[in-house]
Amino acid sequence: MEQLNEDQIQTILTAYKKKRESEIKHYHEVLKNDEEFKKKNRYRAKIWYQNNKDKRKNYYEENKDFQNAKNIYNYHKRKDNLDYFKTNHSDKYKLLLEKNWIKEEI
């Protein structure tokens, strides 16, 4: 594989950015307002949801404890009472540290 110099890399990046901008513009100005596109998109989303319902259910079941820990942490953070969370919910605190959702304060 040949190495690309800096100019070639910049050319590729600018072309990609222009392409993405034009796609976004096309979506917001044309497709988003097209009723046929909306119907197709909704139908596709409905089919995907029906086919993957079990996947989503399993995901939520597996991450139920993590979501619960995040909610309790955010509640105590809003109340400015994180020390209480650390002492009374130490298992949830450890879970959040393991998942790198929060950083341990020194």
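All values reported here derive from a predicted model rather than from experimental measurement.

Cut-off values and rules
Residues numbered from 1 in each chain as written. Predicted model: local features only at pLDDT ≥ 70, side-chain atom pairs only at ≥ 80, totals over all residues. Heavy atoms only, no water. Helix = DSSP H or I, 4+ residues; strand = E, 2+ residues; numbered from the N terminus. Contact = heavy atoms within 4.5 Å. Salt bridge = Lys/Arg side-chain N within 4 Å of Asp/Glu carboxyl O. Buried < 20%, exposed > 50% of the residue type's maximum accessible area, 1.4 Å probe, protein only. Core = buried A, V, L, I, M, F, W, Y, C linked by side-chain atoms within 4.5 Å. Phe/Tyr/Trp six-rings, centres within 6.5 Å; stacked < 30°, edge-to-face > 60°. Lys NZ or Arg CZ within 6 Å of the ring centre and 35° of its normal.

Draft legend 1. Structural context of the side chain of His76. Positionally, His76 belongs in helix H4 (residues 64-78). Residues within four places of His76 in sequence aside, it is in contact with Asn81, Leu82, Tyr84, Phe85 and His89.

Draft legend 2. Here's a closer look at the pattern of salt bridges. Per the stated rule, a full pass over the model turns up four salt bridges. Between Lys38 and Glu35 there is a salt bridge whose closest N-O contact spans 3.6 Å. With Lys38 and Glu35 both in helix H2 (residues 35-51) and three residues apart, the pair spans about one turn of that helix. The partly exposed category is assigned to Glu35, whose relative accessible area is 47%.

Draft legend 3. Representation of the nonpolar core within the structure. If you look at the biggest cluster of nonpolar residues, it comprises eight residues: Phe66, Ala69, Ile72, Tyr73, Phe85, Tyr93, Leu96 and Ile102. Top element by residues in this core is H4. It accounts for four residues. Apart from residues lying up to four places away in sequence, Phe66 is in contact with Leu95, Leu96, Lys99 and Trp101.

Draft legend 4. Here's a closer look at the packing of aromatic side chains. Going through the model one piece at a time under the given rule, you end up with five aromatic pairs. Centroid distance Tyr59 to Tyr60: 5.7 Å. Interplanar angle 70°. Geometry classified as edge-to-face. On the basis of relative accessibility, which here comes to 49%, the residue Tyr60 falls in the partly exposed class. Considering the side-chain rings of Tyr73 and Trp101, the 5.6 Å spacing of their centres and the 85° angle between planes classify their relative orientation as edge-to-face. Remark: Trp101 occurs in the segment after helix H6 (90-98) and Tyr73 occurs in helix H4; sequence separation between them is 28 residues. The partly exposed category is assigned to Trp101, whose relative accessible area is 34%. One aromatic cluster in this structure is built from Tyr73, Phe85, Tyr93 and Trp101. A cation over an aromatic ring shows up here: Lys99 above the ring of Phe66, its NZ or CZ 5.2 Å from the ring centre.

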